[in-house]
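Commentary on secondary and tertiary structure
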Amino acid sequence: MWLTVGLYVQEGYRVPQFHGKWPFSRFLFFQEPASAFASFLNGLANFVMLTRYKASVPPSSPMYHTCIAFAWVSLNAWFWSTLFHTRETDVTEKMDYFCASTVILHSIYLCCVRTLGLKRPAFANAFGGFLILFLACHVSYLTLVRFDYGYNMAANVAIGLFNLFWWLGWCVRNQQRLPYVRKCVVVVLLLQGLALLELLDFPPLLWTFDAHAIWHISTIPVNVLFYSFLRDDSLYLLKANSDILKID
């Protein structure tokens, strides 16, 4: 591979891709060391913030269990992302893509529970069932019919935009009453903006840092900010419920 890359560069051609991937300098057994390390740091940030969330929010908070589930879904996704960038196989590639879709869908479910489900739990349960069915169909098509990269990207962009507009709509309606929702606004806008890095498909700097790795590095602080929002919101709901019980 490196002989081919050297000949291309020597003759003034663009650095080639191999099976759709840029050439990377390995570090130990890591095929894409920057992306693997960044994925690990994202997972570590999720774990640390999950620990802090559990330490500051009691289980009696209405959103507690939904937020905890979201944290574990996210941790699972970053685990598979780390494995995929460490060693690409058919299994690690599919698990990385499928688990990433699961995180977006669970974020939609989280938004549904927060905006509608607390007052209409039956609707939230039905909507959650629909999202599970959608995920099952999505995974089944990519596994049993054809692993279509274009379709997978389009599906994730569509559900990502749906997630964005739902969260933003709720935040705009509640920003005066709940000032901490600005954290959520920053998170969803940053996630969509940073995802555009995926379009900047350039050869890796120092044969290590490509656009995908930079994207993963940039999402580390975003994870911290989102859990900060979830903690603030959970504590607000706990206090609001406590005030209602006192009135009753």
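Residues numbered from 1 in each chain as written. Predicted model: local features only at pLDDT ≥ 70, side-chain atom pairs only at ≥ 80, totals over all residues. Heavy atoms only, no water.

Under an unreviewed UniProt entry, the name given to the chain is Post-GPI attachment to proteins factor 3, and the organism recorded is Gopherus evgoodei. Quoted verbatim from the Sequence similarities (unreviewed entry) field of the UniProt record, the comment on the chain reads "Belongs to the PGAP3 family." (UniProt positions renumbered as here; feature names shortened; annotations may be inferred.)

Another aspect to go through is the pattern of salt bridges. Under the criterion given, the structure shown has five salt bridges. Between K94 and D90 there is a salt bridge, with its nearest N and O atoms 2.8 Å apart. Linking K94 with D90, this pair stays in helix 4 (residues 90-117), spanning four residues, or about one helical turn. You can call K94 buried: its relative accessible area is 15%. Among the ionic pairs, R146 bridges to D148, the shortest N-O distance being 2.7 Å. According to the relative accessible area criterion, D148 is buried, its value standing at 15%. When salt bridges that share partners are traced, they join K183, R231 and D232 into one network. (Salt bridge = Lys/Arg side-chain N within 4 Å of Asp/Glu carboxyl O. Helix = DSSP H or I, 4+ residues; strand = E, 2+ residues; numbered from the N terminus. Buried < 20%, exposed > 50% of the residue type's maximum accessible area, 1.4 Å probe, protein only.)

Quick look at a nonpolar patch on the surface now. Together, F37, F40, L44, F47 and V48 give the surface a local cluster of nonpolar side chains, amounting to about 470 Å² of exposed area. Structurally, F40 can be placed in helix 2 (residues 33-56). Judged by relative accessible area, which is 46%, F40 ranks as partly exposed. (Patch = residues over 30% accessible without salt bridge, like charges linked within 9 Å, V, L, I, M, F, W, Y side chains within 5 Å. Areas by Shrake-Rupley, 256 points an atom, 1.4 Å probe, with all protein chains shown as cover.)

Another point: the packing of aromatic side chains. The final tally for this structure, using the stated rule, is 22 aromatic pairs. An angle of 15 degrees between the planes, with centres 5.7 Å apart, marks the rings of Y97 and F147 as stacked. Separated by 50 residues along the polypeptide, Y97 in helix 4 and F147 in the loop between helix 5 (121-145) and helix 6 (149-174) bring together distant segments of the chain. Between Y141 and Y151, the aromatic rings sit 5.1 Å apart at their centres with planes inclined by 80 degrees, giving edge-to-face as the arrangement. With Y141 in helix 5 and Y151 in helix 6, this residue pair connects regions lying 10 residues apart in the sequence. When its relative accessible area of 29% is taken as the criterion, Y141 is described as partly exposed. An aromatic cluster is built from F70, W167, W170, Y180, F226, F229 and Y236, whose rings are joined through pairwise contacts. (Phe/Tyr/Trp six-rings, centres within 6.5 Å; stacked < 30°, edge-to-face > 60°.)

Moving on to the UniProt feature "transmembrane region" (unreviewed entry) in the chain. The UniProt entry lists residues 34-51, 63-83, 95-116, 123-143, 149-168, 180-200 and 212-230 under the feature "transmembrane region" (unreviewed entry), expressed in the numbering used here. Summarising residues 34-51: 100% helix, 0% strand, and an end-to-end C-alpha distance of 26 Å. Structurally, residues 149-168 is divided into 100% helix and 0% strand, and its ends, taken at the C-alpha atoms, are 28 Å apart.

Once that is clear, we can look at the environment of L238. Mapped onto the elements, L238 comes out in helix 9 (residues 220-247). Here L238 falls in the partly exposed class, since its relative accessible area comes to 22%. L238 sits 179 residues away from P59 along the chain, and the two C-alpha atoms are 9.6 Å apart. Excluding residues that lie within four positions of it along the chain, L238 makes contacts with P58, S60, S61 and P62. (Contact = heavy atoms within 4.5 Å.)

Now for the nonpolar core. Grouped together as the largest cluster of nonpolar side chains are 46 residues, with contacts concentrated most on L110, W167, F226, F229 and L230. The greatest single-element share of this core, amounting to nine residues, is contributed by helix 3 (residues 64-86). With residues up to four places along the chain from it excluded, the contact list for W167 reads S107, L110, C111, C184, V188, F226 and F229. (Core = buried A, V, L, I, M, F, W, Y, C linked by side-chain atoms within 4.5 Å.)

Counting through the fold element by element, D210 comes out in the loop between helix 7 (181-195) and helix 8 (211-218). Here the alpha-carbon distance between D210 and L200, two residues 10 residues apart in the chain, equals 8.8 Å. Discounting residues that sit within four places of it in the chain, D210 has contacts with W22, F24, S35, F202 and P204.

Attention now goes to the packing of helix 6 against helix 7. In contact at an axis separation of 9 Å, helix 6 and helix 7 are set at 155 degrees when each is read in the N-to-C sense. Between helix 6 and helix 7, the angle falls in the class roughly antiparallel. Helix-helix and strand crossings are classified by hand; for helix 6 and helix 7 the assignment is left-handed. Across the interface between the two elements, G160, L161, L164, W167, L168, W170, C171 and N174 from helix 6 touch V181, C184, V185, V188, L189 and Q192 from helix 7. Tallied by class, the residues present in the contact of helix 6 with helix 7 amount to 11 nonpolar, three polar and no charged. (Axes fitted to C-alpha atoms, helices over the stretch in contact; angles between N-to-C directions. Parallel < 35°, antiparallel > 145°, perpendicular 65-115°, else oblique. Left-handed = near helix turned anticlockwise from the far one by under 90°. Nonpolar A, V, L, I, M, F, W, Y, C, P; charged D, E, K, R; others polar.)

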